[in-house]
Amino acid sequence: MKITDTVRRAGRSLRNAKARTLLTSLAIAVGAFTLTLSLAAGEGSRQYADKLISSNINEKAVFVVKDKTLVGGGAVGGSGLKEYSPTATQYGGLSIKTLSSKDIARIKNNPKVDNVLPTYLVTAQYITFEGSSKKFTSDVTVYDPSVLSDTAAGTLPALGTQIKDDEVVIPESYLSTIGVKDAKSYIGKSVTLHLVKAAETPSEEKIAQVLATQGTAGLQALAAGETRDVSFRVGAVTKASATSLATSTGIFVSEARASELSDFLTKGTPSYRSYVAATAIVKKDANPEAVKKELQKHGMTARTAKDMQGLLFTIVNLLQGIVIGFGVLALIASVFGIINTQYISVLERTQQIGLMKALGMRGKDVAKLFRYEAAWIGFLGGVLGSGAAWGLGTLLNPWITKQLGLGEGTYLLVFQAIPIILLIVALMLVAVVAGYFPARKAAKLDPIEALRTE
Amino acid sequence: MIELKQVTKTYGKKQNAFTALDNVSFTIPDGASVAILGKSGSGKSTLMHAMSGLDRPETGEVIIDGEDILKLKTKQIDKFRAHKIGFIFQSFFVQANEMVSDNVSLPLEIAGVARGARKKKIMAALESVDLLEKIGSKAKNLSGGQKQRLAVARAIVNTPQIIFADEPTGNLDSVTGAKVEDMLFGYNKKNGVTLIIVTHDPDLAAKCDMQINIKDGKVESIRDLKKAPQNSPTKTRIKVGM
């Protein structure tokens, strides 16, 4: 018997039992619905995470640290007791291994690296904004020229260019905290960082010398440390974006100023010119992954943009896995539905099977007939479930985007044709497997016995 | 030519064994119409199953066209039935939910006839049983007589060499039954197809060229009505015992 004939006969016998076919395939449709939605949500979250990362992390950037615990598993600082390391820096009681200027030079000298940007720690005791008498605290970080943010006011330099040394870029959200309504009016206003340098640990000779020349007042000044006020003018105000993380955190200064201020703050301390982390920008034709490996040979830990993506994707994949698990459970339930229906179908059609076998139909063709019926049920269920999920998802997408504040043009549910087609094919296979035993029963029927059944 | 040699078929085992066919031997010439007569339980249906390859007797030979079909493998037996045999049953066994054309198409599909070639054969078969105008109807909308004519069309559509009819008129009234009988005998004479009718109806049997009486699994008598129309029974029990 030709396959097309078998498929057509299978389809016809299903049409002759419409209600039963529909109900059986609805069980599969529930599974298909769940699986399609979870596939779409997974794809949507991945695309969203992708967007999030590409608008925040330069894909040519490699994030380098000395202390593995900063990026790898385990608590920062690990267990309380650690081996002493002369290059480790204490941060609030935490001992973190830092990158020395030697390490930075090593990164810089890598032929594949275009540029290296250490993470300067500029800790201002407080910050004052023009037009406000209050004192604020905020992170102060280096402006990342590899990512261009949207601005609410002012202009940012072209991609790849640093901001001017006397400028800062502040996020729009800061203005509302300060109490400024019009972002445009704030361009050119001044922002002052009040920096306090930690006191050096003076040597005994120095103490004796200061005591001799300046008396106790001099000694007090030596112990109190040094303060410095640095003023900037606001160059641009960045807009809050749905996908940009950077815009919400900190005041951005140029690299040169960050380096200068960081040096001022740490001079004379063990942290001088040693950095918790650094970002290496890899040359255009170089592979960040290769740079990562080379740096790891030198005892540094590196992360590429891909690794960051991987981290986010791990979470997305885990959540998706859970939803898929529910879909699979629904499918398992539907498998028993198919087995049951097909067994009844075999019993109902004993005579028909007997006739077909008497007329010379091969047992395996009879089995095929029932397997194709199961496949049709799987196909129908898959199309119904996936179609419903697609339709509902497309309808609800704008609403979900609005509720979650994902930003214009970003959808949580992204339906792709190929995974859905593969899903339907997989459902057909599942149905065929479920139809195996009923089909075998049909194939083994004795035609004489079957024709005797009334 | 169909030749049976010492065919024995038993059901059950040891003490419960029941001999359905006991050393049956006879020969049927090509193109003959044969009635297998016997009471219910006499073994006539088993005989039909053995001759058509549906059943496998333990011993003996069933030689059709010089080939012992009992020696064939299942695959070859299926092929043999699909290409050389047509079946008609007492309770029709037409597929009620399917269209008349799909019912007739079944043997062609099983035999692997290409789709293009089927249409013509289906039309011809329905034409010869006078059902052409019902080609698009569902089989369940046909009357009893029409259903059996449909079964006849299904039996002849693939131009078989032998047609087995198991009580073909048993479920029909005499008028519709007569019409089906006429069609069967007409086809038998016109195309030289061997027609084997299993029946307990002596009137139907009387219309055949040959009668084989079965009793308790044994051939009681074989009458050749063609050669001896004057109703003289010729007991031809060939070879009793092994």
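**Student:** Please clarify how the overall build of chain B should be interpreted in this entry.
**Tutor:** The number of helices and strands found in chain B is seven helices and 10 strands. Buried positions account for 46% of the 242 residues belonging to chain B.

**Student:** What is the right way to look at the interface of chain A and chain B in this model?
**Tutor:** Interface size is often expressed as the accessible area that is lost when the parts come together. Contacts between the two partners involve 17 residues from chain A, matched on the other side by 20 residues from chain B. Listing elements by their share of the side of chain A that touches chain B, those giving two or more residues are helix 1 (3–15), helix 9 (350–358) and helix 13 (447–452) of chain A. Sorting elements by how many residues they give to the side of chain A that touches chain B places helix 9 of chain A first, with five residues.

**Student:** Got a minute to help me understand the sheet that holds strand 10 (residues 218–224) of chain B in this structure?
**Tutor:** Where strands meet in a sheet, backbone hydrogen bonds hold them as pairs that are either parallel or antiparallel. Residues and elements named next belong to chain B. In space, the six strands of this open sheet follow the order 6-7-8-3-9-10, with mixed pairing throughout. Where the open sheet ends on each side, the last strands, each with one partner, are strand 6 (85–88) and strand 10. Mean inter-strand twist for the sheet, computed between neighbouring axes without regard to direction, equals 15 degrees. Contacting strand 6 and strand 7 (162–166), helix 5 (residues 144–156) runs over the sheet at an angle of about 170 degrees to strand 6.

**Student:** Where do I start with helix 2 (residues 74–84) of chain B in this structure?
**Tutor:** Three- or four-residue spacings in an α-helix give side chains the same orientation, since the helix completes a turn every 3.6 residues. Of the residues making up helix 2 of chain B, those classed as buried are Asp 78, Arg 81, Ala 82 and Lys 84 of chain B. Buried residues belonging to helix 2 of chain B abut helix 1 (44–52), strand 6, helix 3 (100–110) and strand 7 of chain B.

**Student:** Looking at this model, I keep getting lost on the pairing of strand 8 (residues 194–199) of chain B. Mind explaining?
**Tutor:** Side chains on a regular strand alternate between the two faces of the sheet. All names here are of chain B. Within strand 8, six of the six residues are buried, which leaves the element mostly enclosed by the surrounding structure. Where burial is concerned, the two faces of strand 8 agree: the one with Thr 194, Ile 196 and Val 198 and the one with Leu 195, Ile 197 and Thr 199 are both buried. Alignment of strand 3 (residues 33–37) against strand 8, held across five bridges, turns out to be parallel. Paired with Leu 37 across the two strands is Thr 199, which belongs to strand 8. Two elements, strand 7 and strand 8, share five bridges in a ladder whose sense is parallel. When the sheet's bridge partners are listed, Phe 164 is paired in strand 8 with Ile 196. Crossover connection from strand 7 via helix 6 (residues 174–191) to parallel strand 8: handedness right-handed.

**Student:** Any chance you could explain the confidence of the model for chain A here in plain terms?
**Tutor:** Should the pLDDT be low somewhere, the predicted coordinates at that spot are not to be read in detail. Residues and elements named next belong to chain A. On average, chain A scores 84 in pLDDT, and the residues at 70 or more come to 89%. When mean pLDDT is compared element by element in chain A, helix 12 (residues 436–444) scores highest at 95, while strand 2 (residues 88–91) scores lowest at 59. Below pLDDT 50 for its whole length, residues 73–78 participates in 11 contacts with residues either more than four positions away or in separate chains.

**Student:** Just to check I follow, could you spell out the sheet that holds strand 14 (residues 301–304) of chain A for this structure?
**Tutor:** Residues and elements named next belong to chain A. Pairing in this open sheet of four strands is antiparallel, and the strands run 4-13-1-14 from one edge to the other. Across the chains shown, the open sheet's two edge strands, defined by having one partner strand only, are strand 4 (113–118) and strand 14. Sheet twist, expressed as the mean angle between neighbouring strand axes with direction ignored, is 25 degrees. Across five bridges, strand 1 (residues 61–65) lies against strand 13 (residues 277–282) in antiparallel orientation. In the strand pairing of strand 13, Phe 63 is matched with Thr 279. Those strands touched by helix 7 (residues 288–297) are strand 1, strand 4, strand 13 and strand 14, and its axis lies near 170 degrees from that of strand 14.

What counts, and at which threshold
Residues numbered from 1 in each chain as written. Chains lettered and ligands numbered in written order. Predicted model: local features only at pLDDT ≥ 70, side-chain atom pairs only at ≥ 80, totals over all residues. Helix = DSSP H or I, 4+ residues; strand = E, 2+ residues; numbered from the N terminus. Buried ≥ 20, exposed ≤ 12 C-beta atoms within 10 Å, placed from the backbone. Contact = placed C-beta atoms within 7 Å. Pairing = 2+ DSSP bridges. Axes fitted to C-alpha atoms, helices over the stretch in contact; angles between N-to-C directions. Right-handed = clockwise from strand over helix to strand, strands pointing away. pLDDT = per-residue confidence, 0-100.

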